[in-house]
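Here is how the chains run, residue by residue.
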Amino acid sequence: MKLMVGQLRPSKGEVKVLGERAFGNRPLMRRIGYCPEHEGTYEDLTGLELVTALNRLHGIAPAEAKKRAEDMLVKLDLADAMHRRLGEYSKGMRQRAKLAQAMAHDPEVIFLDEPTTGLHIDDVRVLIGVLDKLVDAGHTVVVIEHHMDVVKRADWVIDMGPEAGPNGGEIVAMGRPEDVARVERSHTARYLRAALAET
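What comes next concerns the included structure. If you're wondering where the values come from, they're calculated on a predicted model, not measured in any experiment.

1. Some words on helix α3 (residues 62–75)
Inference 1: Spanning 14 residues, α3 covers 20 Å between terminal C-alpha atoms, matching the ideal 20 Å at 1.5 Å per step.
Inference 2: Within the sequence span of α3, burial applies to Ala65, Ala69, Met72 and Leu73. In a view along the axis of α3, the buried residues occupy a sector of 100 degrees, so they form one face of it. In α3, the exposed residues that point more than 90 degrees away from the buried face are Ala63 and Lys75.
Inference 3: For α3, the secondary structure elements touched by its buried residues are α2 (47–57) and α4 (91–103).
Inference 4: Of the residues flanking the end of α3, it is Asp77, one or two places downstream, whose phi is positive at about 60 degrees.

This is the structure in structure tokens:
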């Protein structure tokens, strides 16, 4: 994930996003959104202040930055909490605030690293609804995820599980969720089959 959002230099080859080199490409950063799995938040800021500030860093004018922040926080069920300090948020609320800051500047591609971590099942449903709307609006969403309710709704799944060999990082299975679910070598397939059976 850090390679794709330009935070790490590839040891060999090149990573491109939207047709551009990812590493060290500042203009590209305005076209993508990123929600890391573990990232500290500024606890003295309110949710609205945090997301507005990130929008400003993406070059959005003050009034529009605030409006987009408000709209995204409402979509993520943080309307009643947007004026509260992040230090008062629960773990799930903090995760949703992180998602808001990754998505509020309307990026073309959104990278989410384990976005359901710490979320209650109702929060996961809200997240899935937001992701569906983003995809319907033409955004590309790239997710690293263990929650099968999210994985089974993906258009395309790449399984790079620990069974990929001594060094890991090799693709075990790739395709639509139902295709990956049929790959016996994939540990993910077992859980994906169960999730698809519940659909």
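2. Quick notes on the pattern of salt bridges
Inference 1: According to the stated counting rule, one finds 15 salt bridges in the structure shown.
Inference 2: Glu64 is paired through a salt bridge with Arg68; the nearest N and O atoms lie 3.0 Å apart. Here Glu64 pairs with Arg68, and both are found in helix α3, just 4 residues apart, close to one helical turn.
Inference 3: We classify Glu64 as partly exposed; its relative accessible area is 35%.
Inference 4: Note that Asp179 and Arg182 form a salt bridge whose closest N and O atoms lie 2.7 Å from each other.
Inference 5: Through salt bridges with shared partners, a single ionic network connects Asp44, Arg84, Arg85 and Glu88.

3. Quick word on the pairing of strand β4 (residues 109–113)
Inference 1: Along β4, 5 of the 5 residues are buried, which leaves the element largely enclosed by surrounding structure.
Inference 2: Burial along β4 is two-sided: Val109, Phe111 and Asp113 facing one way and Ile110 and Leu112 facing the other are all buried.
Inference 3: Across 4 bridges, strand β3 (residues 32–35) lies against β4 in parallel orientation. Note on β4: the bridge partner recorded for Ile32 is Val109.
Inference 4: One ladder, built from 5 bridges, connects β4 with strand β5 (residues 140–144); its direction is parallel. Of the residues in β5, the one forming a bridge with Phe111 is Val142.
Inference 5: Handedness of the crossover is the feature at issue here: the chain leaves β4, passes through helix α5 (residues 121–136), returns alongside β5, and the resulting connection is right-handed.

Calculation rules
Residues numbered from 1 in each chain as written. Predicted model: local features only at pLDDT ≥ 70, side-chain atom pairs only at ≥ 80, totals over all residues. Heavy atoms only, no water. Helix = DSSP H or I, 4+ residues; strand = E, 2+ residues; numbered from the N terminus. Expected span 1.5 Å × (residues − 1). Buried < 20%, exposed > 50% of the residue type's maximum accessible area, 1.4 Å probe, protein only. Arc of directions from axis to C-beta. Contact = heavy atoms within 4.5 Å. Salt bridge = Lys/Arg side-chain N within 4 Å of Asp/Glu carboxyl O. Pairing = 2+ DSSP bridges. Right-handed = clockwise from strand over helix to strand, strands pointing away.

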